[in-house]
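# Remarks on the overall topology
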Number of protein chains: 2
Amino acid sequence: MGKRIVPDIVVARLPLYLQTLKQLQREGEYTTSSNGLGKRIDISAAQIRKDLSHFGEFGKQGTGYAISYLIEQLEEILNVNQVWDMALVGVGFLGHAIANFRGFNSHGFQVKLIFDNNPTVIGSNIAGFIVQDSNKMEEIIQEHNVKVAMITVDSDHAQEVADRLVKSGVKAILNYAPVTIKVPEGVQIQYIDPIIELQHMTYYLD
Amino acid sequence: MGKRIVPDIVVARLPLYLQTLKQLQREGEYTTSSNGLGKRIDISAAQIRKDLSHFGEFGKQGTGYAISYLIEQLEEILNVNQVWDMALVGVGFLGHAIANFRGFNSHGFQVKLIFDNNPTVIGSNIAGFIVQDSNKMEEIIQEHNVKVAMITVDSDHAQEVADRLVKSGVKAILNYAPVTIKVPEGVQIQYIDPIIELQHMTYYLD
DNA sequence: TAGATTGTTAATCGATTAACAATC
DNA sequence: TAGATTGTTAATCGATTAACAATC
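Not measured: the values here are computed from a predicted model.

Turning next to the protein's contact with DNA strand C. Close to DNA strand C lie 25 residues, the nearest being S34(B), R49(B), F58(B), G59(B) and Y65(B). Backbone polar atom of G62(B) to a sugar or linking oxygen of DNA strand C: 3.0 Å apart, as the coordinates give it. Elements that contribute at least two residues to the surface near DNA strand C include exactly helix 4 (45-53) of chain A together with helix 4 (45-53), strand 2 (59-60) and strand 3 (64-66) of chain B. When residues of the surface near DNA strand C are assigned to their parent elements, the largest contribution, 4 residues, is made by helix 4 of chain A. A class-by-class count of the residues in the surface near DNA strand C yields 5 nonpolar, 12 polar and 8 charged.

Another aspect to go through is the interface of chain B and chain A. The partner chain A presents 62 residues to the 62 residues of chain B that form the contact. The tally of links from chain B across to chain A stands at 2 salt bridges. Between K182(B) and D42(A) there is a salt bridge, with the nearest N and O atoms lying 3.8 Å from each other. For the pair chain B and chain A, the interface holds 20 residue pairs in polar contact (both at pLDDT 80 or more). Going through the elements one at a time, helix 1 (8-11), helix 2 (14-26), helix 3 (34-41), strand 4 (84-89), helix 6 (93-99), strand 10 (172-175), strand 11 (188-191) and helix 9 (194-202) of chain B are the ones with two or more residues in the side of chain B that touches chain A.

What follows concerns the nonpolar core. Note that soluble globular proteins tend to have their nonpolar side chains buried in a common cluster. Ranked by size, the top nonpolar core spans 90 residues in total, and within it L74(A), F104(A), M150(A), L74(B) and F104(B) carry the most contacts. Each residue touching L74(B), except ones within four places of it in the same chain, is listed here: L14(B), Y17(B), L18(B), L21(B) and L52(B).

A few words on the sheet that holds strand 11 of chain B. Working definition: the strands of a sheet are paired by backbone hydrogen bonds and lie parallel or antiparallel to each other. Residues and elements named next belong to chain B. Pairing in this open sheet of 6 strands is parallel, and the strands run 8-5-4-9-10-11 from one edge to the other. Looking at strand neighbours, the two that pair on one side only are strand 8 (132-133) and strand 11, the edges of this open sheet. Here strand 5 (residues 109-116) runs beside strand 8; their pairing, made up of 2 bridges, is parallel. Bridge assignment links F115 to a residue of strand 8, and that residue is Q132. Relative to the sheet, helix 8 (residues 155-167) contacts strand 4, strand 9 (148-151) and strand 10, its axis offset from that of strand 9 by approximately 170°.

Laying chain B over chain A is done by rotating through 180° and shifting 0.0 Å along the axis; what remains is an RMSD of 0.0 Å. Such a combination of turn and shift is consistent with a two-fold rotation axis. Looking at the interface residues of chain B, 100% of them are also at the interface in chain A, so both copies use one shared face.

Moving on, we come to the environment of E75(A). Residues and elements named next belong to chain A. Tracing the backbone shows E75 in helix 5 (residues 67-77). Using a relative accessible area of 18% as the deciding quantity, one classes E75 as buried. Between the C-alpha atom of E75 and that of Y30, which follows or precedes it by 45 residues, the distance is 17 Å. With residues up to four places along the chain from it excluded, the contact list for E75 reads L18, K22, V80 and N81. In this structure the side chain of E75 is engaged in a polar contact, spanning 3.4 Å, whose partner is the side chain of K22.

All right, on to the packing of aromatic side chains then. Describing an aromatic ring pair means giving the distance of the ring centres and the angle of the ring planes. Enumeration over the complete set of coordinates arrives at 7 aromatic pairs over all chains. Note on F55(A) and Y203(B): the rings are 6.2 Å apart at their centroids and 80° apart in plane angle, and the pair reads as edge-to-face. Of the two residues, F55(A) is situated in the loop between helix 4 and strand 2 (59-60) and Y203(B) in the segment after helix 9; the pairing between them involves two chains. On the basis of relative accessible area, Y203(B) is assigned to the buried category, the value being 2%. Summarising the aromatic geometry, the rings of F101(B) and F104(B) are spaced 4.8 Å apart at their centres and angled 90° between planes, so their arrangement reads as edge-to-face. Clustering of aromatic rings is evident, with ring pairs tying together F55(A), Y203(B) and Y204(B).

Around DNA strand D there are 25 residues in total, and S34(A), R49(A), F58(A), G59(A) and Y65(A) lie nearest to it. Considering the 4 Å shell around the protein, atoms of DNA strand D inside it are sugar or phosphate in 65% of instances. Contact distances for DNA strand D include 3.1 Å between a phosphate oxygen and a side-chain N or O atom of S44(B). Only helix 4, strand 2 and strand 3 (64-66) of chain A together with helix 4 of chain B provide two or more residues apiece to the surface near DNA strand D. Per element, the largest residue contribution to the surface near DNA strand D is 4 residues, and it comes from helix 4 of chain B.

How each quantity is defined
Residues numbered from 1 in each chain as written. Chains lettered and ligands numbered in written order. Predicted model: local features only at pLDDT ≥ 70, side-chain atom pairs only at ≥ 80, totals over all residues. Heavy atoms only, no water. Near = heavy atom within 4 Å. Polar contact = N/O pair within 3.5 Å; in protein donor to acceptor, adjacent residues only side chain to side chain. Helix = DSSP H or I, 4+ residues; strand = E, 2+ residues; numbered from the N terminus. Nonpolar A, V, L, I, M, F, W, Y, C, P; charged D, E, K, R; others polar. Contact = heavy atoms within 4.5 Å. Salt bridge = Lys/Arg side-chain N within 4 Å of Asp/Glu carboxyl O. Core = buried A, V, L, I, M, F, W, Y, C linked by side-chain atoms within 4.5 Å. Buried < 20%, exposed > 50% of the residue type's maximum accessible area, 1.4 Å probe, protein only. Pairing = 2+ DSSP bridges. Axes fitted to C-alpha atoms, helices over the stretch in contact; angles between N-to-C directions. Least-squares fit on C-alpha atoms with pLDDT ≥ 70 in both. Phe/Tyr/Trp six-rings, centres within 6.5 Å; stacked < 30°, edge-to-face > 60°.

What follows is the structure in structure tokens.
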């Protein structure tokens, strides 16, 4: 049943739908419609229905979607009806912030391993984790069967770290370093880069 | 001379081109081609040429693009041939990391003001800035004529903070809170949300 | 000059939207 | 039942790619 047939641009919107449905649930709502959901996030009702239709029929004519059911379904589709252990490589200020971030837990993720190559931080305790030596990345990640990682090292080391993560069996990398990284087919990569986003916006300013 | 006529999806790629050109420059290159640039970032040569053609003619047949010239031009197009002062609202771990981030400076941005509503941090020094009281946001931001802001408060307060930023004259908001925010026409908003990116990737994992 | 690469046009491909029968 | 809203089809719209004359 080919995942391949769903356009990636559709997949990319699902987490936003999930986030918004959870928000609606927190607000005490039990049902919503493609229209109601779309209004929240400035996406057309037609697009939401079309996107969801790639995966099944989750709504009812006349009444819309049961929020808790649609959340369950999206969590299953996105494979976050489980908790993914994550490795974090690099403990500067940003690594610290991520290690201490409380938001992962209820959304399918948790930090499990932290690495750095700086002897003065290796062995120290960050957010309850002992920082491990980067040199032992491969064995430790394999041992813990970690498939998801975040890179918060500087640009010059990001590709090298990514290569080692891939060797360790990591299949999804969230890269915070401001540089494009090459990964083999079958390994996912996404970027978080505030400067890219800021420059995108300043285009529209005078 | 309508900025309107350039598709936003094209604009969104320009910062990536700029980033990559700077990288090439650091590596000692003086020229590149649509092909060479494209290979770095997995974008087709045709697309790069098409994108750039919206703004002018920056290359030479036979030889490609002079990197320093194209950097200059892109910086001008993106309005980052100047330094934008930024306000940062919310000083948790993430706010701390952003306040201390060295990477903004050479790319057109600098943190100028930091706000929080927590009495125990107001007045304290973070990365050389005195944390100001959120209650004085409007007047202080106006006084400093700040047009760009980053939100690192929790989800429940993000919309309220955004509203106040807009009132203060801010025209571009980078929101780190995991919630969609409504802003008026003419105000730019972009999101940074690791969970969205992670869930996008886990779709492809088993 | 010959080779390389641009900027641009036209063709292709893909994504979004509008419309509506089905039905809760 | 009447009103609302789904899932889906077909039409529209927009983005990407291929191809090539121009020319450095």
